[in-house]
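Single-letter residue listing:
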Amino acid sequence: MSKRRVVITGLGTINPLGNNVTDTWDKLIKGESGIDTITSFETNELPVSFAGEVKNFDANEYMGKQQARKLDKSSQLSIFATEEALKDANLNTDERLGPNVGIVFGTGIGGIGSTEQAVRTFDERGASRINPLAITQLMPNSSTGQVAIQYGIEGPSLTITTACAASANAVGEAKNMIQNGIVDMVVVGGTESGTTPMTIGAFAQIRALSTNNENPKEACKPFDKDRDGFVMGEGSTVLIMESEESALKRGVDIYGYVAGYGATTDAYHITAPAEGGKGAVLAMQNAIKDADLSTEDIDYINAHGTSTPANDKNETAAIKTVFGPKAYEINISSTKSMTGHLLGGGGAFESMVSVLAIQKSIIPPTINLNNPDEECDLKYTPNAAIEKVIKVAMSNSFGFGGHNGVLVFKKD
Amino acid sequence: MEDLLLKLRGIVVEVNEVFEKVKKLFVDELGIEEDKVTMEAKLEEDLDIDSLGIVEVVMAFEDEFEIEIDDEELTDVGTVGQAVNLLHSKL
């Protein structure tokens, strides 16, 4: 029996570049940066003062103060992005989606801002003054539960916390759910709003962040010789995935097919990638195999490309191992150069970028790539988008913990 | 008789003061629409305050009125008016 094919029929996003898909795509192909000096808290005491923050989002205005104050920002953003995605997929957001729809969300650190706030209250005022909503805000599955409640999603639910691979794994696991006939549709998301004074401080302690405070917009420079770390980003992106049969029956437009998924674990080091990207190599190979394709078929790679010295070098090596001489011909780009690192929200965002690249025949650039690194010598689409027909795109996501999630998307 | 009336009037004024404070808390702290907060309003049905919300309300009352409220005292509190009366009795 042939496997059921899985399609994407709806997209929604709120991220440092824009508060909907159209604005986000426009900025991506213009090569604009959504990274800037942090405005939501004081950074005087911190070694890093910039990030990719969501802009012009007022939760009180969007969902009413009574609802907004119950949710951590990561969940507010999840609901905002889900609303756009459901409408885009021509679904009625006033009706419950019911038991034939599942939900899979990925997040790296869940409601970390709410955790910090609760700890602060506990220290200052004692246990009896802790916000009774703290637990439901800080739990990593908060977005999954809140989105399910909002839209009446009654099928299976999962929350995946494989750090920066989380929502790539979410897309992959949702594909398996649909392919295996468990449900016909899954609301898939990646969300993160973990830019807080503590996380900035902690990531900086492990020298993971760029410290280019003077030029925030130029700080994230994947594959550049002068790259000095990643940039924190926040946002949520949601994809409506369903069986091809379901989409055809509903008569909705199809963005593209989720054709392949490869997931592996380095089992090597909690932050550093395995030398040569061994786990990443196997994940890419498995994803291509799962899609019944060969390396010759891949037209575009949306790289993990975090702008850390270790990731970009090892990812480049891994791509060379997988593709051989063809590695030098494939168009690659890291859109993190514009959004910053959306952590657990990255895989869903970059899945969106991959299917839009296929749909619009445009490859968004890697910005701030001015001084090539001899160890990073592939076609990274520096600084300007290019037009190209893309039939197959691959998206890489790798997370602290050694988690690798690779997805392959097809035009038809 | 006049004394009694004066005393009653005094209580009414006090109850009204408590109600106004409660209303302000509901609006400012919990984000509830002002028009909805009446003495008759049911906390759960009319104001959408669930079991988690009740804990918040109690905390807000305790801070505002500098009192302590035991869980048992809340058993019969289902409306704004009942909450106001409970608070009034504890002041």
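Right above here is the structure, for reference.
For the structure given in this document, a descriptive report is provided here. (Residues numbered from 1 in each chain as written. Chains lettered and ligands numbered in written order. Predicted model: local features only at pLDDT ≥ 70, side-chain atom pairs only at ≥ 80, totals over all residues.)

**Topic: the overall build of chain B**
For step 1, the next point in the chain: In terms of regular secondary structure, chain B is built from three helices and zero strands.
For step 2, the next point in the chain: Ordered by position from the N terminus, the helices and strands of chain B form the series α-α-α.
For step 3, the next point in the chain: Since a compact globule built from 91 residues should have a radius of gyration of about 12 Å, the 14 Å found for chain B is in line with a globular shape.
For step 4, the next point in the chain: Referenced to the eigenvectors of the C-alpha coordinate spread, the extents of chain B come out at roughly 45 × 30 × 20 Å.
For step 5, the next point in the chain: Within the span of chain B, comprising 91 residues, buried residues form 16% of the whole.
For step 6, the next point in the chain: For chain B, restricting intrachain contacts to residue pairs at least 6 apart in sequence, the fraction spanning at least 24 positions comes to 56%. (Helix = DSSP H or I, 4+ residues; strand = E, 2+ residues; numbered from the N terminus. Rg over C-alpha atoms; globule rule 2.2 N^0.38 Å. Buried ≥ 20, exposed ≤ 12 C-beta atoms within 10 Å, placed from the backbone. Contact = placed C-beta atoms within 7 Å.)

**Some points on unusual backbone geometry**
Glycine aside, residues mostly have negative phi angles, and peptide bonds mostly take the trans form.
All names here are of chain A.
For step 1, the next point in the chain: Despite not being glycine, Ser-307 has its phi angle at roughly 85 degrees, a positive value.
For step 2, the next point in the chain: Relative to the helices and strands, Ser-307 is located in the loop between β9 (300-302) and α13 (309-323).
For step 3, the next point in the chain: Judged by C-beta crowding, with 28 C-beta atoms within 10 Å, Ser-307 ranks as buried.

**Describing the sheet that holds strand β1 (residues 6-14) of chain A**
Residue and element names in this part refer to chain A.
For step 1, the next point in the chain: On the basis of which strands lie adjacent, the open sheet formed by 10 strands has the order β5-β4-β6-β7-β1-β8-β14-β13-β9-β10 and mixed pairing. Looking at the sheet topology across the chains shown, the edges are occupied by β5 (157-160) and β10 (331-333). Across the sheet, the mean angle separating the axes of adjacent strands is 25 degrees when strand polarity is ignored.
For step 2, the next point in the chain: Alignment of β1 against strand β7 (residues 235-243), held across eight bridges, turns out to be antiparallel. Bridging across to β7, Val-7 finds its partner in Glu-242.
For step 3, the next point in the chain: Its contacts with the sheet put helix α4 (residues 73-88) on β1, β4 (101-106), β6 (185-192) and β7, and the angle it makes with β1 is roughly 130 degrees. (Pairing = 2+ DSSP bridges. Axes fitted to C-alpha atoms, helices over the stretch in contact; angles between N-to-C directions.)

**Overview of helix α2 (residues 51-65) of chain B**
For step 1, the next point in the chain: Relative to the 21 Å expected for 15 residues at 1.5 Å per residue, α2(B) spans 21 Å between its end C-alpha atoms, a close match to the ideal helical length.
For step 2, the next point in the chain: Among the residues trailing α2(B), B:Glu66 stands out with phi positive, at a value near 50 degrees. (Expected span 1.5 Å × (residues − 1).)

**Some details on the interface of chain B and chain A**
For step 1, the next point in the chain: Listed by partner, the interface residues are eight residues for chain B and eight residues for chain A.
For step 2, the next point in the chain: Split into classes, the residues belonging to the side of chain B that touches chain A amount to five nonpolar, one polar and two charged. (Nonpolar A, V, L, I, M, F, W, Y, C, P; charged D, E, K, R; others polar.)

**Points about helix α12 (residues 278-290) of chain A**
Residue and element names in this part refer to chain A.
For step 1, the next point in the chain: When the terminal C-alpha atoms of α12 are compared, their 18 Å separation across 13 residues agrees well with the 18 Å that a helix rising 1.5 Å per residue should span.
For step 2, the next point in the chain: The inward-facing, buried residues of α12 contact β8 (256-265), α13, β13 (392-399) and β14 (403-410).
For step 3, the next point in the chain: Asp-292 lies just past α12 and shows a positive phi near 55 degrees.

**Some points on the pairing of β14(A)**
Residues and elements named next belong to chain A.
For step 1, the next point in the chain: With eight of eight residues buried, β14 is to be regarded as a mostly interior element.
For step 2, the next point in the chain: Residues His-403, Gly-405, Leu-407 and Phe-409 of β14 are buried on one face, and the alternating residues Asn-404, Val-406, Val-408 and Lys-410, pointing to the opposite face, are buried as well.
For step 3, the next point in the chain: The pairing of β8 with β14 spans eight bridges and is antiparallel. Along β14, the bridge assignment pairs Thr-264 with Asn-404.
For step 4, the next point in the chain: Here eight bridges tie β13 to β14, and the two strands are oriented antiparallel to one another. Residue pairing across strands places Met-394 opposite Val-408, the latter belonging to β14.
For step 5, the next point in the chain: Linking β13 back to β14 in an antiparallel pair, the connection comprises three residues, with Gly-401 at a positive phi of about 105 degrees.

**Topic: the nonpolar core**
General note: in soluble globular proteins, nonpolar side chains tend to be found buried as a group.
For step 1, the next point in the chain: Counting residues in hydrophobic clusters, the biggest one holds 101 residues, and the most contacted among them are A:Val186, A:Val188, A:Leu239, A:Met241, A:Met284, A:Ala287 and A:Leu407.
For step 2, the next point in the chain: For this core, the element with the highest residue contribution is helix α15 (residues 346-360) of chain A, accounting for eight residues.
For step 3, the next point in the chain: The contacts of A:Leu407, once residues within four sequence positions are left out, are A:Ala168, A:Val171, A:Gly172, A:Val258, A:Gly260, A:Tyr261, A:Ala287, A:Ser351, A:Met394 and A:Ser395.
For step 4, the next point in the chain: The next biggest cluster of nonpolar side chains, apart from the first, holds 15 residues, and it includes B:Phe19, B:Val22, B:Ala83 and B:Val84. (Core = buried A, V, L, I, M, F, W, Y, C linked by C-beta atoms within 7 Å.)

**Describing the packing of α12(A) against α13(A)**
Residues and elements named next belong to chain A.
For step 1, the next point in the chain: Taken N-terminus to C-terminus, the directions of α12 and α13 make an angle of 45 degrees; their axes are 9 Å apart at the nearest point. Regarding the angle of α12 to α13, the classification is oblique. The chirality of how α12 crosses α13 is right-handed. The segment α12 lies against α13, with Ala-280, Val-281, Met-284 and Gln-285 engaging Glu-315, Ala-318, Thr-321 and Val-322.
For step 2, the next point in the chain: When grouped by side-chain class, the residues that make up the contact of α12 with α13 number five nonpolar, two polar and one charged. (Parallel < 35°, antiparallel > 145°, perpendicular 65-115°, else oblique. Left-handed = near helix turned anticlockwise from the far one by under 90°.)

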